[in-house]
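# Topology and contacts: notes
These are the residues of each chain, in order.
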Amino acid sequence: MNKKELTLPNSDSNTDSSTSTGSSTGHTHTSPEVSAKIVSEFRELVGRCEHLVYAVNGCDVSSDNKWPEIASAPFVVHNRSDEEGFFILGSTLSRGSRSLLSVAGQATPRTNVFFALHSMEKPAGANAEEPFAVTRAQVVVRVEEVPRNDPLWAVILEKLSARFGQTARVLEQLSDFHMLGMFPCECLFIKGFGKAFSLSGQNLRQVAHLRQS
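Residues numbered from 1 in each chain as written. Predicted model: local features only at pLDDT ≥ 70, side-chain atom pairs only at ≥ 80, totals over all residues. Heavy atoms only, no water.

Along the backbone of the chain there are 4 helices and 10 strands. Traced from its N-terminal end to its C-terminal end, the chain shows the element sequence β-α-β-β-β-β-α-β-β-α-α-β-β-β. Looking at the chain as a whole, 39% of its 213 residues are labelled buried. For the chain, contacts bridging at least 24 residues in sequence account for 71% of all contacts bridging at least 6. Summing over all exposed atoms, the chain offers an accessible surface of approximately 11500 Å²; the carbon and sulfur share of this is 51%. (Helix = DSSP H or I, 4+ residues; strand = E, 2+ residues; numbered from the N terminus. Buried < 20%, exposed > 50% of the residue type's maximum accessible area, 1.4 Å probe, protein only. Contact = heavy atoms within 4.5 Å. Areas by Shrake-Rupley, 256 points an atom, 1.4 Å probe, with all protein chains shown as cover.)

Right, here's the structure in full:
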């Protein structure tokens, strides 16, 4: 079965410099042209990834001894009312999925999503990426569950089936599977040494170049 590369919806290249950074890191405002290029490259990275990796505080241990759960899942991107999100199916038999469900609907983002191209996908020769500076992105997201009776469920399931085959249709029949949407709040996009960018705002269109102060 041929896997389909994901294409994110187009967005405008408007940029805003109101990006928050850590105390030891400054930021430089980027021009509209540079911002559009960085957003496009981030979207290309996401589109080439078939799985996302997420980290969330575990829900299966006592509140005094929680550790992060790390898991991966096939995903698709969908624009819901002008808000783009990453959508997955997760089983309550999985500790990672249970932890995601435990934070679903909370206003404060509590989950990180990570995108990076597998080392086997890197180009050869002069275009090969430096192993210590692989293009990658860490995205802070807000998690929401999509109820089965929501019209969005059928839309996302169709996208999952189109991209990954009919297994998604089989999983739909299993009551332990839930649909979860992860909506980006901010992003750290790293293209290499000295090439770190903060993406924020609606659909991550506001770009700032990060630098050590």
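For the rest of this paragraph, the subject is the environment of Ala55. Looking at the secondary structure, you find Ala55 in strand 2 (residues 51–57). On the basis of relative accessible area, Ala55 is assigned to the partly exposed category, the value being 27%. A C-alpha to C-alpha distance of 9.4 Å links Ala55 and Ser99, two positions 44 residues apart in sequence. In this view, Ala55 contacts Glu69, Ile70, Arg110, Thr111 and Asn112; residues no more than four positions away in its chain are not counted.

What follows deals with the confidence of the model for the chain. Of all residues in the chain, 78% have pLDDT values of 70 or greater, and the mean over the chain is 83. Long-range and interchain partners of residues 1–23, a stretch whose pLDDT sits below 50, account for 54 contacts in this model, where long-range means more than four residues apart. (pLDDT = per-residue confidence, 0-100.)

A few words now on the pairing of strand 9 (residues 196–200). In terms of burial, strand 9 is largely enclosed, as 5 of its 5 residues are buried. As judged from the 5 bridges shared by strand 8 (residues 177–190) and strand 9, these two strands associate in the antiparallel manner. In the strand pairing of strand 9, Glu186 is matched with Ser200. The turn joining strand 8 and strand 9, which pair antiparallel and follow one another in sequence, is formed by 5 residues; a positive phi near 155 degrees is taken by Gly192. (Pairing = 2+ DSSP bridges.)

Bringing a nonpolar patch on the surface into the picture now. Judged by side-chain polarity, Val53, Ile70 and Phe114 come together as a nonpolar surface patch covering roughly 260 Å² of accessible area. Mapped onto the fold, Phe114 is located in strand 6 (residues 111–116). (Patch = residues over 30% accessible without salt bridge, like charges linked within 9 Å, V, L, I, M, F, W, Y side chains within 5 Å. Salt bridge = Lys/Arg side-chain N within 4 Å of Asp/Glu carboxyl O.)

Phe86, Phe115 and Met182 are the most contacted members of the largest nonpolar core, which totals 31 residues. Secondary structure elements with two or more residues in this core: helix 1 (32–48), strand 2, strand 5 (83–91), helix 2 (95–103), strand 6, strand 7 (136–146), strand 8 and strand 9. No other element matches the 5 residues that helix 1 contributes to this core. Setting aside anything within four residues of it in sequence, one finds Phe115 in contact with Leu45, Val46, Cys49, His51, Leu52, Phe75, Phe86, Thr135, Arg136, Ala137 and Val139. (Core = buried A, V, L, I, M, F, W, Y, C linked by side-chain atoms within 4.5 Å.)

Our next topic: the pairing of strand 6. Burial of the side chains of strand 6 is restricted to one face: Thr111, Val113 and Phe115 are buried, whereas none of Asn112, Phe114 and Ala116 on the reverse face is. Pairing analysis gives 4 bridges linking strand 2 to strand 6, with the strands arranged antiparallel. Considered in strand 6, the bridge of Tyr54 is made with Val113.

On to the side chain of Thr111. Tracing the backbone through its elements, the reader meets Thr111 in strand 6. Taking the relative accessible area as the measure of exposure, Thr111 reaches 2% and is therefore buried. Excluding its chain neighbours within four sequence positions, the residues that come into contact with Thr111 are Tyr54, Ala55, Val56, Leu100, Val103, Val139, Val140, Val141 and Val143.

This brings us to the side chain of Arg205. Inspection of the secondary structure puts Arg205 in the loop between strand 9 and strand 10 (206–212). Separated by 3.4 Å, the side chain of Arg205 and the backbone oxygen of Gln202 make a polar contact. (Polar contact = N/O pair within 3.5 Å; in protein donor to acceptor, adjacent residues only side chain to side chain.)

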